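Residue-level listing of the chains:
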Amino acid sequence: MQALKIIFKSMFKKKIASLLILLQLTISLYMLITAVIQMNSTNFQEKQFEKHFNKDMETTVHLSIQSNDSSERYTKSYHDLQAFVNNMPEVNGIGAYDLTNTSFKELETNEAFLQLRKKITEGTFKERFPQALEFLNVEAGVAKIMELKVSEGRNFVTADFDRSEIDLIPLLSGAAYKEILQVGTILTDSNTNQKYQVVGFLADNSRWFSDSDYIRLPFTGLDDKLVAPFSYVDEDALALHARSKKLFYELKDAKDLESVKNAITVKAKALNLPVQSITVADELAAFKKDNQKEITFIVVVSSVLGLMTLFGLVSVMLSTIVARKREFGIRIMVGTTMRYIQLLIWGEIFVLTTLSSLIATLILYFQKKNDQQEWAGVVNEMNDVTIEVMLSAVAIAFVFSLLASFIPIMRLRKLQPREMVGGID
Amino acid sequence: MSLIELNSVSKFYGRDESKTVALESIQMKVEVGEFISIMGPSGSGKSTLLNILGCMDVPSVGEYSLKGRSLKGLDHKELSHIRNKVISFVFQHFALLKNYSVYENVELPLLNRKLSTKEKREKIFTQLEKLGINKLYKKHPTQLSGGQQQRVAIARALVSDAEIILADEPTGALDQKTGRELLELLSAINENERKTIIVVTHDDKVAQYTSRIISINDGRIAADVANSENPQDVFKNTSNL
């Protein structure tokens with residue numbers, strides 16, 4: 001406590017220099033911590049694919065259709081291309097997914113359901129519409145790639161995707177609604193009157209690709225969502241456009257990639273559809289490469305900035321030692337050890353770096369919190385200011401303190417007690 | 001067993017050709033309760049001797065024993081402990097921290113001790129009252145006169161209960177009247193509290209207040225004599241200290 005009091009007194013005495021150093025340090029540490037978060041986000045994505053994606057990333061191919069056409073012809077071409085890929089002997093299946101919102105008549109007045117939704121959507125813009133449920137529509141091919149696990153009831157079967165055969169679309173519910181829904185519960189879409197029947201519950205912590213950018217954004221948690229095949233109303237050009245960026249096919253063997261890609265490109269060209277096929281593995285590698293470039297840039301800039309700050313800090317502390325030579329001498333005269341004096345110098349640097357690191361972490365935390373509200377929790381999970389990030393910030397501050405205190409402490413050690421007190425000549 | 005014993009103590013600065021001898025073969029004994037002055041011209045080595053006595057410096061050669069214990073080979077921590085518990089200092093320019101209050105300045109030696117705030121407060125106010133500066137405890141050194149500042153420095157020296165007080169030209173920055181009051185105060189402390197006081201001075205009149213005068217010249221003890229003169233007579237017909 002006494003040491004802290006002395007440290008703050010010394011900082012207060014040179015408040016402008018301390019404030020400027022604090023500002024410089026905060027900017028440097030903000031950038032360094034951003035680099036740490038960026039590194040975390042790359043690792044986070046890799047871990048997610050390892051944990052939640054059960055298929056081979058070399059044989060799962062993302063087929064992206066880049067077209068602005070919204071005519072009937074596009075709808076036909078889309079289906080023709082899909083059928084072409086589906087019938088290729090080297091392909092296991094093709095399908096898209098799309099995340100939408102809907103509400104069900106049976107749940108709109110269900111108090112327990114609404115309370116649960118309020119809890120789930122708390123702190124996001126969705127909390128204003130608790131009755132709206134997120135609904136992941138899937139095609140047969142993608143359902144096969146997803147390999148969803150159910151904890152109760154049954155999983156999807158091929159016949160579930162044959163809409164000519166069924167009036168009731170089968171539905172898998174997220175684990176969160178186990179207390180509200182049951183296997184067999186029939187739900188009616190408030191907008192389309194399409195009826196759905198719960199056939200099973202997804203296992204806890206089920207996840208699937210993000211609806212926006214499956215490589216850059218974290219997997220979507222399915223615990224609070226429903227999963228079902230697309231209904232008839234999802235077949236217009238607009239709906240197809242939405243899912244044309246989320247179309248995947250699975251190869252039986254990775255060695256067929258080039259021949260399949262070429263065949264699809266030729267067929268798509270004939271259908272006037274510009275397409276691009278890229279494996280999940282390649283897209284993830286490209287993301288890592290891009291991220292690495294960004295990380296390198298941030299690390300270089302923050303290191304240069306950090307180095308400049310370090311020099312600034314060292315010179316401020318050196319002048320502090322000169323200015324406080326007499327004070328230290330008096331303290332030594334009354335029995336304070338040189339080690340304690342060194343601790344005061346190191347402590348002052350540590351307090352400055354820790355304060356800066358705390359400010360930088362808080363800025364990042366509130367920035368991410370704001371992102372979370374805007375993105376309803378999608379971004380936050382990956383770029384979160386986690387315990388590891390905070391520990392990294394403390395570690396950076398600690399290393400910074402050690403580096404910055406080295407020269408001032410060496411200078412201090414060279415001083416003799418007898419020459420420090422002004423009274424002794 | 002003497003309180004202080006210096007046995008063939010020498011102090012050199014620099015090496016080879018640039019070697020300077022600050023003290024040479026000092027033999028000296030100080031007993032408990034003595035009031036000693038060390039005299040000598042500038043550069044004679046008296047301050048070096050005071051530094052060694054106060055554990056602010058170490059001899060190059062020879063042995064320094066304090067309370068029968070040799071200080072040879074003691075590390076910084078042990079020497080700091082001695083400066084905190086056994087020895088205290090009073091300087092010509094007071095050596096007070098300008099940004100700290102009187103109370104905080106006097107508190108300095110106690111910061112290294114495990115005492116409660118209440119205990120510290122009691123100890124500090126006992127000394128401040130004894131020196132008549134208790135009402136000034138909130139003031140900063142720059143708000144005090146020279147005499148008051150030196151009293152604060154003495155209070156700081158006394159608060160640690162150190163047995164030895166080393167004073168380096170304690171009256172050097174004071175006017176005649178205040179200087180005399182200070183020396184009377186040191187005499188009283190020496191007599192009433194049995195503190196051993198060693199004053200470094202180049203002023204004969206200050207030395208006359210002490211019971212023993214050690215003269216140093218060119219780093220050597222030139223004389224070590226008992227002083228029987230009545231200090232009250234010393235200030236008669238003098239204009240300056």
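Residues numbered from 1 in each chain as written. Chains lettered and ligands numbered in written order. Predicted model: local features only at pLDDT ≥ 70, side-chain atom pairs only at ≥ 80, totals over all residues.

Chemist: Break down the overall build of chain B for me, with residues and values.
Modeler: Each helix and strand in chain B was counted, giving eight helices and 10 strands. Here chain B holds 241 residues, and 44% of them are scored as buried. Restricting to contacts in chain B with at least 6 residues of sequence separation, those with at least 24 account for 69%. (Helix = DSSP H or I, 4+ residues; strand = E, 2+ residues; numbered from the N terminus. Buried ≥ 20, exposed ≤ 12 C-beta atoms within 10 Å, placed from the backbone. Contact = placed C-beta atoms within 7 Å.)

Chemist: Describe in detail the overall build of chain A, supporting the description with residues and values.
Modeler: Helix and strand counts for chain A come out as 13 helices and 12 strands. Relative to all contacts within chain A whose residues are 6 or more apart in sequence, the contacts with residues 24 or more apart total 83%.

Chemist: Just give me the short version of the packing of helix H4 (residues 117-130) of chain B against helix H5 (residues 146-159) of chain B, but keep the residues and values in it.
Modeler: Residues and elements named next belong to chain B. Orientation of H4 relative to H5, taken along the N-to-C sense of each, is 135°, at an axis distance of 9 Å. Here H4 lies oblique to H5, going by the angle between them. The way H4 lies across H5 gives a crossing that is right-handed. Residues Lys123, Ile124, Gln127 and Leu128 of H4 pack against Ala155, Leu158 and Val159 of H5. For the contact of H4 with H5, a count of residues per class yields five nonpolar, one polar and one charged. (Axes fitted to C-alpha atoms, helices over the stretch in contact; angles between N-to-C directions. Parallel < 35°, antiparallel > 145°, perpendicular 65-115°, else oblique. Left-handed = near helix turned anticlockwise from the far one by under 90°. Nonpolar A, V, L, I, M, F, W, Y, C, P; charged D, E, K, R; others polar.)

Chemist: Can you tell me about the interface of chain A and chain B, naming the residues and giving the values?
Modeler: Each partner contributes residues to the interface: chain A has 19 residues there, and chain B has 22 residues. Secondary-structure elements contributing two or more residues to the side of chain A that touches chain B are helix H1 (2-13), helix H9 (325-333) and helix H13 (417-420) of chain A. For the side of chain A that touches chain B, the element with the highest residue contribution is H9(A), accounting for four residues. Per-class residue counts for the side of chain A that touches chain B are seven nonpolar, six polar and six charged.

Chemist: Residues and numbers for the sheet that holds strand S6 (residues 87-91) of chain B, please.
Modeler: Residues and elements named next belong to chain B. The strand order S6-S7-S8-S3-S9-S10 describes an open sheet built from six strands, whose pairing is mixed. The open sheet terminates on both sides in strands that have one partner only, identified here as S6 and strand S10 (220-226). If you compare each strand with its neighbour and ignore which way they point, the axes differ by 20° on average. One ladder, built from six bridges, connects strand S9 (residues 212-217) with S10; its direction is antiparallel. Each bridged residue has a counterpart across the sheet, and for Ile214 the counterpart in S10 is Asp224. (Pairing = 2+ DSSP bridges.)

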